[in-house]
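# Understanding the architecture of this molecule
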Amino acid sequence: MAECEELVESGGAEDMPRVVAALAGILERVTDRNDAAAAAELSAVAVAPASAFRATTKPGISVRAYMARIARFAGCSPACYVVAYVYLDRLLRRGRRLALAVDSYSVHRLLITAVLAAVKFMDDICYNNAYFAKVGGISLVEMNYLEVDFLFGVGFDLNVSPETFGDYCAVLQSELLCAKAEAPPAPLRLQYCCLSEDDAGAGCSAQQQLAA
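Residues numbered from 1 in each chain as written. Predicted model: local features only at pLDDT ≥ 70, side-chain atom pairs only at ≥ 80, totals over all residues. Heavy atoms only, no water.

With that out of the way, let us pick up the overall build of the protein chain. The helix and strand inventory of the protein chain stands at nine helices and zero strands. For the protein chain, the sequential pattern of α-helices and β-strands runs α-α-α-α-α-α-α-α-α. Put simply, 82% of the contacts in the protein chain that link residues at least 6 apart link residues at least 24 apart. As displayed, the protein chain has an accessible area near 10300 Å², and 55% of this comes from carbon and sulfur atoms. (Helix = DSSP H or I, 4+ residues; strand = E, 2+ residues; numbered from the N terminus. Contact = heavy atoms within 4.5 Å. Areas by Shrake-Rupley, 256 points an atom, 1.4 Å probe, with all protein chains shown as cover.)

Written out as structure tokens, the structure is:
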């Protein structure tokens, strides 16, 4: 799969795999979109639903910097980030009834937990939860709780078929291509960072549904 081979290459000056840069770009736009949507709805006095992944305050580190930190210290294979992307999609599609959205309050905890789950499933050797908690800037107790909540959230559906893996690689690759082409952002959409596995691989249009 050409897309997968390109994704695992170094990101150049950023010194991280292209897959990390692609996933960071997607989640940055989703976060910005949902933050803007939440701000626009303040007049409705809507209270965000309680979630273990939702922090009480916005973390002081950007999504891209947080991804770079994970990539630097987690020591996992590039394929783990593609699988983490699949897991995030599954969690958020299953969590629609709970109105779980990716925003500045939830994206960091979702990321570190998705990567942890992917590493344990994909890699033969990986760091333990205590190490990942330090990388993620949270306590071990919280890391353990988030992991359990995440696994139940995805219904313990951790297997990723080669076809699904290739489809998500294609979406991440299209993110890189759209970023290089400096494609204009798509109109604002609300709430969810979801891309159905049935729609994956549909190019920039599918990627925009998730991230633009």
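Further notes follow.
Bringing the packing of helix H4 (residues 79–94) against helix H7 (residues 140–153) into the picture now. With their axes 9 Å apart at the nearest point, H4 and H7 run at an angle of 70 degrees to one another. If you check the angle between H4 and H7, you find them roughly perpendicular. Contacts between H4 and H7 involve Tyr87, Leu88, Leu91 and Arg94 on the former and, on the latter, Phe150, Phe152 and Gly153. Partitioning the contact of H4 with H7 into residue classes produces five nonpolar, one polar and one charged. (Axes fitted to C-alpha atoms, helices over the stretch in contact; angles between N-to-C directions. Parallel < 35°, antiparallel > 145°, perpendicular 65-115°, else oblique. Nonpolar A, V, L, I, M, F, W, Y, C, P; charged D, E, K, R; others polar.)

Applying the stated rule across the entire model yields seven salt bridges. Two residues, glutamate 175 and arginine 29, come together in a salt bridge whose shortest N-O distance is 2.3 Å. Taken as a pair, glutamate 175 in helix H8 (residues 162–180) and arginine 29 in helix H2 (residues 18–40) lie far apart in primary sequence, 146 residues in all. Where glutamate 147 meets lysine 120, a salt bridge forms, and the shortest distance between an N and an O atom there is 2.8 Å. Remark: lysine 120 occurs in helix H5 (residues 107–122) and glutamate 147 occurs in helix H7; sequence separation between them is 27 residues. Using a relative accessible area of 13% as the deciding quantity, one classes glutamate 147 as buried. On the basis of relative accessibility, which here comes to 38%, the residue lysine 120 falls in the partly exposed class. (Salt bridge = Lys/Arg side-chain N within 4 Å of Asp/Glu carboxyl O. Buried < 20%, exposed > 50% of the residue type's maximum accessible area, 1.4 Å probe, protein only.)

The next point concerns the nonpolar core. General note: in soluble globular proteins, nonpolar side chains tend to be found buried as a group. Within the largest apolar cluster, 56 residues are counted, with the highest numbers of intra-cluster contacts made by Ile70, Leu111 and Phe150. Looking at this core, the element that brings in the most residues is H4, giving twelve residues. When residues no more than four places from it in sequence are discounted, the contact partners of isoleucine 70 are Gly75, Tyr81, Leu111, Ile112, Val115 and Val135. (Core = buried A, V, L, I, M, F, W, Y, C linked by side-chain atoms within 4.5 Å.)

Right, let's get into the side chain of aspartate 123. Here aspartate 123 is to be found in the loop between H5 and helix H6 (129–136). Lysine 120 is the oppositely charged side chain nearest to the buried, salt-bridge-free aspartate 123, at an N-O distance of 12 Å. Engagement of the side chain of aspartate 123 in a polar contact is seen with the side chain of serine 77, the distance being 2.8 Å. In this structure, aspartate 123 is in contact with Cys76, Ser77, Cys80 and Ala118, ignoring residues within four places of it in sequence. (Lys, Arg positive; Asp, Glu negative; His and termini not counted. Polar contact = N/O pair within 3.5 Å; in protein donor to acceptor, adjacent residues only side chain to side chain.)

Considering every residue of the protein chain, the mean pLDDT works out to 79; 69% of them sit at 70 or more. Here residues 184–212 is modelled with pLDDT under 50, and outside its nearest four sequence neighbours on either side it reaches 82 contacts, counting other chains as well. (pLDDT = per-residue confidence, 0-100.)

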